[in-house]
Amino acid sequence: VQLQASGGGFVQPGGSLRLSCSTSRNIFSINVLGWYRQAPGKQRAVVASITDISGGGSTDYADSVKGRFTISRDNGKNTVYLQMNSLNSEDTAVYYCFSDYMGRRSWGQGTLVTVSS
């Protein structure tokens, strides 16, 4: 599965951004889609994930983003989104989308999110 992430940029604290990740495969067949992020000097950490229909489309979030970030998938566009609200400086990171399909994880290229005044 090939993934193409977009939507990163510069935003002030309290602002919002929406990341997009388009896939090369019909996402009906992809078991899990989601996002990780890697902040400067830190390890890559999971942000959010969403399962396919067989998994009930359930979502999961890191504690640090619960209530602020929302992950969703548009099956018609083969795209997964990450809506990020109430951003703060600790959200500054490179964000990577991923997919789990047939037991194999694929990664998109990173998209940089910078939160600063």
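Refer to the structure above for everything that follows.
Residues numbered from 1 in each chain as written. Predicted model: local features only at pLDDT ≥ 70, side-chain atom pairs only at ≥ 80, totals over all residues. Heavy atoms only, no water.

Draft legend 1. Molecular detail of the pairing of strand β10 (residues 104-107). In terms of strand pairing, strand β9 (residues 93-101) meets β10 through 4 bridges, oriented antiparallel. Bridged to Asp100 within β10 is Arg105. The loop that links β9 with its antiparallel partner β10 comprises 2 residues; one of these, Met102, has a positive phi angle of about 55°. (Pairing = 2+ DSSP bridges. Helix = DSSP H or I, 4+ residues; strand = E, 2+ residues; numbered from the N terminus.)

Draft legend 2. Representation of unusual backbone geometry within the structure. Residues other than glycine seldom take positive phi values, yet Ser86 does so here, at roughly 50°. Relative to the elements of secondary structure, Ser86 occurs in the loop between β8 (79-84) and β9. One non-glycine residue with positive phi stands out, namely Met102, at about 55°.

Take it as geometry only, folks, not as evidence of what the structure does.
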